[in-house]
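Now for the letters of each chain:
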Amino acid sequence: MQGDTLFISDLHLCESRPNITSVFLVWLAEVAAQADALYILGDFFEYWAGDDAMQDDFHRPILHALHQLTQQNTQVYLMHGNRDFLIREAFSQATGVQLIADPLLTVMHGQRILLTHGDALCTDDVSYIAFREQVRQPAWQSTFLSQSLAERKAFIAQARARSEVEKSQKESMIMDVNADAVAQLVREHDFPPVLIHGHTHRPDRHAFNVDGHACERWVLGDWYEQGSYLKMDNRGHLVAETIPT
Ligand code: MN
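This text gives an overview of the structure that appears in the document. (Residues numbered from 1 in each chain as written. Predicted model: local features only at pLDDT ≥ 70, side-chain atom pairs only at ≥ 80, totals over all residues. Heavy atoms only, no water.)

Applying the stated criterion to the full structure yields 15 salt bridges. In this structure, the salt-bridge partner of D119 is R136, at a minimum N-O distance of 3.8 Å. One end of the pair, D119, is in the loop between β6 (111-116) and α4 (126-135); the other, R136, is in the loop between α4 and α5 (138-145), and 17 residues separate them in sequence. Salt bridges linked by common partners bring D102, D119, R132 and R136 together as one network. (Salt bridge = Lys/Arg side-chain N within 4 Å of Asp/Glu carboxyl O. Helix = DSSP H or I, 4+ residues; strand = E, 2+ residues; numbered from the N terminus.)

Here we take up the sheet that holds β6. In space, the 5 strands of this open sheet follow the order β5-β6-β7-β9-β8, with mixed pairing throughout. Looking at the sheet topology across the chains shown, the edges are occupied by β5 (104-108) and β8 (204-210). Across this sheet, the average inter-strand angle for adjacent strands is 25 degrees, counted without regard to direction. Examined bridge by bridge, β5 and β6 share 5 bridges and lie antiparallel to one another. By the bridge assignment, V107 is partnered in β6 with R112. Those strands touched by helix α7 (residues 179-188) are β6, β7 (194-197), β8 and β9 (213-219), and its axis lies near 65 degrees from that of β8. (Pairing = 2+ DSSP bridges. Axes fitted to C-alpha atoms, helices over the stretch in contact; angles between N-to-C directions. Contact = heavy atoms within 4.5 Å.)

Read from one edge to the other, the open sheet built from 6 strands follows the order β4-β3-β2-β1-β10-β11, with strand pairing classed as mixed. Every interior strand has two partners, whereas the edge strands, β4 (98-100) and β11 (238-243), have only one. When strand polarity is set aside, the average angle formed by the axes of neighbouring strands in this sheet is 25 degrees. With 4 bridges joining them, strand β1 (residues 5-8) and strand β2 (residues 37-41) adopt parallel strand pairing.

Four donors placed tetrahedrally around a metal ideally meet at 109.5 degrees, and six donors placed octahedrally ideally meet at 90 or 180 degrees. Around the manganese ion, the protein contributes the donor atoms D43 (OD), N82 (OD1), H117 (NE2) and H199 (ND1), which lie 2.0 to 2.3 Å from the metal centre. The sequence pattern formed by the donor residues of the manganese ion is D-x38-N-x34-H-x81-H. Of this pair, D43 sits in the loop between β2 and α2 (60-71) while H199 sits in the loop between β7 and β8, placing them 156 residues apart in sequence. Taking the relative accessible area as the measure of exposure, H199 reaches 18% and is therefore buried. (Donors = N, O, S within 2.8 Å, 3.2 Å for Na, K, Ca; no water. Buried < 20%, exposed > 50% of the residue type's maximum accessible area, 1.4 Å probe, protein only.)

For the rest of this paragraph, the subject is helix α6 (residues 149-169). Between the first and last C-alpha of α6 there are 30 Å, a value that for 21 residues agrees with the 30 Å anticipated at 1.5 Å per step. Among the residues making up α6, those that are buried are L149, R152, I156 and A159. Buried residues in α6, looked at end-on, bunch into an arc of 85 degrees, giving them a common side. Opposite the buried face of α6, by more than 90 degrees, sit the exposed residues A150, Q158, S168 and Q169. On its buried side, α6 packs onto α5. (Expected span 1.5 Å × (residues − 1). Arc of directions from axis to C-beta.)

Summed over the entire model, instances satisfying the criterion amount to 15 aromatic pairs. Here F144 and F155 contribute two aromatic rings whose centre-to-centre distance is 5.3 Å and whose plane-to-plane angle is 65 degrees, an arrangement assigned as edge-to-face. Of this pair, F144 sits in helix α5 while F155 sits in helix α6; the two residues are 11 residues apart in sequence, bridging distant segments of the chain. A relative accessible area of 3% places F144 in the buried class. (Phe/Tyr/Trp six-rings, centres within 6.5 Å; stacked < 30°, edge-to-face > 60°.)

Relative orientation of the contacting elements α5 and α6 amounts to 120 degrees, with a least axis distance of 9 Å. By the criterion of interaxial angle, the relationship of α5 to α6 is oblique. On α6, the residues that touch W140, F144 and L145 of α5 are R152, F155 and I156. (Parallel < 35°, antiparallel > 145°, perpendicular 65-115°, else oblique.)

F24, W27, L38, F44 and F91 are the most contacted members of the largest nonpolar core, which has 40 residues in total. Every element with two or more residues in this core is listed here: β1, α1 (18-30), β2, α2, β3 (75-79), α5 and α6. Excluding its chain neighbours within four sequence positions, the residues that come into contact with W27 are L6, I8, A32, L38, W223, Y229 and I243. Judged by nonpolar contacts, the second largest core, of 17 residues, contains F7, M108, I113 and I196. (Core = buried A, V, L, I, M, F, W, Y, C linked by side-chain atoms within 4.5 Å.)

Structure (structure tokens):
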């Protein structure tokens, strides 16, 4: 019999919030290990400076746990978020986690499902979209990755501090998805009935229509105050679940 498929995003795992890492590792062993598949839809890590950071003391137990999971019967897929888009093949090799494109159209239980991190849908945030275009260019990334790990971490620390200041000044509407961008994405993929994304930290289920086609947009929650995941059960039904911490 087919088992569950789980979706998570926006854990923002980092050294400064060790509690969430513990909650995640327990959840991985107890819940995710029972599932057929786990989709991590971006911002798994608060930041990722490059795959040479895999040896950091903070990262090693997380990578080890992912590897254990993929060695059992759970397929694990990872999509880049805006924080961890430098995760590459070495990470995949070490963990058995399969990197997937953003967006990804897949079929589950005979139903088409569109997956995306969600940052590309926040088109009202013009300065962010410009930044995104810059850092997603292969040339920018290879220049960045040619620096030492210490230099990259210093750059990221500055960018994170800047982003915190900017976020506090931006209106909250600007940091949500743009309805036209959502409609366009759905249209480009020939109207899948389900869209799942994270990034906005506004977990919810929105029913809407694009050109007369019904679509449900499921927004995943972050892991700041509690753990949060979406479960597709063996009948293809989606249920949002939280994990108290
Ligand atoms: Mn994000």
